[in-house]
Amino acid sequence: MAKPASGDDSTKAAEAAGQYPLFADGATMRNGEAGRGVPTPNFSNFVVYVDESGDHSLESIDAQYPVFVLAFCVFQKAYYGQAIVPALESFKFRHFGHDVVVLHETDIRKERGQFRFASRAHKQAFLDELTDIIAEKHFILIGCVIDKVRLRDRSQNPYHLALGFCLETLYELMQEKGQDELTTHVVVECRGKREDADLELEFLRVCAGENKFERPLPFEVVFADKKTNSSGLQLADLVARPIGLSIVRPDQANRAFDVLRHKFFCSGGRAHAGAGFEGWGLKIHPALESERPR
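Note that the structure is a prediction, hence the values are computed from the model and not measured. (Residues numbered from 1 in each chain as written. Predicted model: local features only at pLDDT ≥ 70, side-chain atom pairs only at ≥ 80, totals over all residues. Heavy atoms only, no water.)

## Focus: the overall build of the protein
Next up, step 1: Counting its secondary structure elements, the protein contains eight helices and six strands.
Next up, step 2: Walking the protein from its N terminus toward its C terminus, one meets helices and strands in the order α-β-β-α-α-α-β-α-β-α-β-α-α-β.
Next up, step 3: Buried positions account for 49% of the 294 residues belonging to the protein.
Next up, step 4: Within the protein, residue pairs in contact and separated by at least 24 positions form 72% of the contacts whose partners lie at least 6 positions apart. (Helix = DSSP H or I, 4+ residues; strand = E, 2+ residues; numbered from the N terminus. Buried < 20%, exposed > 50% of the residue type's maximum accessible area, 1.4 Å probe, protein only. Contact = heavy atoms within 4.5 Å.)

## Topic: helix H5 (residues 158–176)
Next up, step 1: Over its 19 residues, H5 runs 27 Å from end to end, which matches the ideal 27 Å to within 8%, given 1.5 Å per residue.
Next up, step 2: Counting buried residues along H5, 15 of its 19 residues qualify, which places the element largely inside the surrounding structure.
Next up, step 3: Measuring from the side-chain oxygen of the N-cap residue of H5 to the backbone nitrogen of Tyr159 gives 2.8 Å; that N-cap residue is Asn157.
Next up, step 4: Of the residues trailing H5, Gly178 is marked for its positive phi of about 70°. (Expected span 1.5 Å × (residues − 1). Polar contact = N/O pair within 3.5 Å; in protein donor to acceptor, adjacent residues only side chain to side chain.)

## Concerning the pattern of salt bridges
Next up, step 1: In the structure shown here, the tally under the stated rule is 15 salt bridges.
Next up, step 2: Between Arg205 and Glu210 there is a salt bridge; the shortest N-O distance is 2.6 Å.
Next up, step 3: With a relative accessible area of 31%, Arg205 lands in the partly exposed category.
Next up, step 4: In this structure, a network of salt bridges that share partners links the residues Glu105, Arg109 and Arg241. (Salt bridge = Lys/Arg side-chain N within 4 Å of Asp/Glu carboxyl O.)

## Considerations on the packing of aromatic side chains
Next up, step 1: Taken as a whole and assessed by the stated rule, the structure comprises 15 aromatic pairs.
Next up, step 2: When the centroid spacing of 5.4 Å and the interplanar angle of 40° are considered together, the rings of Phe75 and Phe139 count as tilted. In this pair, Phe75 is assigned in strand E2 (residues 67–76) and Phe139 in the loop between helix H4 (120–136) and strand E3 (140–147), connecting sequence segments 64 residues apart. Note on accessibility: Phe75 and Phe139 belong to one class, buried.
Next up, step 3: Relative to Phe126, the ring of Phe115 lies with its centre 6.2 Å away and its plane at 65°, an arrangement referred to as edge-to-face. Here Phe126 lies in helix H4 and Phe115 lies in the loop between helix H3 (105–110) and H4, a separation of eleven residues in the sequence.
Next up, step 4: For Phe115, a relative accessible area of 3% puts it in the buried group. (Phe/Tyr/Trp six-rings, centres within 6.5 Å; stacked < 30°, edge-to-face > 60°.)

## As for the nonpolar core
Next up, step 1: Counting 46 residues, the largest nonpolar core has Phe75, Leu103, Phe126, Leu141 and Ile243 as its most contacted members.
Next up, step 2: Excluding residues that lie within four positions of it along the chain, Leu141 makes contacts with Ala71, Phe72, Cys73, Val239, Ile243, Leu260, Lys263, Phe264, Phe265 and Gly281.
Next up, step 3: With 33 residues, the next largest nonpolar core counts Phe72, Ile146, Leu217 and Phe219 among its residues. (Core = buried A, V, L, I, M, F, W, Y, C linked by side-chain atoms within 4.5 Å.)

## Some remarks on the environment of Thr183
Next up, step 1: With respect to the helices and strands, the residue Thr183 is situated in strand E4 (residues 183–189).
Next up, step 2: Each C-alpha atom of the pair Thr183 and Pro41 lies 9.2 Å from the other, and the pair is 142 residues apart in sequence.
Next up, step 3: Look past the residues within four positions of Thr183 in its chain and what remains in contact with it is Asn42, Phe43, Ser44, Pro218 and Glu220.

## Considerations on the side chain of Asp107
Next up, step 1: Position of Asp107 relative to the elements: it lies in helix H3.
Next up, step 2: Within the structure, Asp107 has its side chain in polar contact with the side chain of Arg112 (distance 2.8 Å).
Next up, step 3: Leave out the neighbours within four places in its chain, and Asp107 touches Arg112 and Phe115.

## Here we look at helix H2 (residues 77–96)
Next up, step 1: Counted at 1.5 Å a residue, the expected span for H2 with its 20 residues is 28 Å, and the 27 Å between its end C-alpha atoms agrees.
Next up, step 2: Residue Ile84 marks the point of greatest curvature in H2, where the axis turns by about 25°; the proline Pro86 follows within four residues.
Next up, step 3: Of all the positions in H2, only Ala78, Tyr79, Tyr80, Ala83, Ile84, Ala87, Leu88, Glu89, Phe91, Lys92 and Phe96 are classed as buried.
Next up, step 4: Lining the buried residues of H2 we find strand E1 (43–53), E2, H4 and helix H7 (231–248). (Bend = angle between axes of the 7 residues up to and from the residue.)

## Points about the environment of Phe277
Next up, step 1: Looking at where Phe277 falls in the secondary structure, it is placed in the loop between helix H8 (255–260) and strand E6 (282–285).
Next up, step 2: When its relative accessible area of 2% is taken as the criterion, Phe277 is described as buried.
Next up, step 3: On a C-alpha basis, the gap between Phe277 and Leu141 in space is 9.9 Å, while along the polypeptide they are 136 residues apart.
Next up, step 4: Setting aside residues no more than four positions away along its own chain, Phe277 makes contact with Phe257, Arg261, Phe264, Phe265, Cys266 and Leu282.

## Notes on the sheet that holds strand E5 (residues 219–224)
Next up, step 1: Pairing within the open sheet is mixed, and its six strands lie in the order E5-E4-E1-E2-E3-E6. Each edge of the open sheet carries a strand with a single partner, namely E5 and E6. The mean angle between the axes of side-by-side strands here comes to 20°, regardless of whether they run parallel or antiparallel.
Next up, step 2: Relative to E6, E3 runs parallel, the two sharing four bridges. When the bridges of E6 are listed, Val145 appears paired with Ile284.
Next up, step 3: Running at roughly 135° to E2, H7 makes contact with E1, E2, E3, E4, E5 and E6 of the sheet. (Pairing = 2+ DSSP bridges. Axes fitted to C-alpha atoms, helices over the stretch in contact; angles between N-to-C directions.)

Here you go:
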């Protein structure tokens, strides 16, 4: 008897011509089933983790970092559980002896809390290993950078603008993967009662049809406590600032972004990963003159 195919035909077709490969061998990994005889929920094969860099205030702008960045890290669920989580857990055990520590880019950069390194060499080795994990593991990146200085309409909320752009791009990615009729969860970190309520309202507004497609988008927002030890949220936190720095200081060496450029959702599919992502998987608003129109 022939061995059953792994994954459905629509997913295979989408992967064949699609974005950066989600698996080391290019094969499609199936999500875990709900259980024998139990109907599988109408969820997509993907989960999205979101974080930000910079603040969304237009009243006081940091001259050294005058941008707001929103980063969506998109993972195939089975691969996330089988490869992403174990890689970060093992990394933590090697460096801290336990896995309770939460990786925060700001704390690592400023060497706060558990990130007080014994020497420059120790810090560099830590960063190199973490960068290698991000480089080797597979996920698709969607990002939006709001240039707060150049933002013409001062009544606009940079977070809401970035959220709309990223959700629209996420929908295009789900269309490519044949998952646009299924519910995809978008996990964000709690920021405060009022901020969370505003974000949820904007999320619902965009997904209800106030988007460039003028149609409902199949996404649900999930709020996670800041203390949640989520591998996906930690990766999203780690990638957001390098994206912003690539715009604020384009001539400065940025090894982290050099790795990330190969993760972005791009116009040419996986065969052209690392190119064609400007205005596609990475949006800058207001758009730079050099940015190609979508």
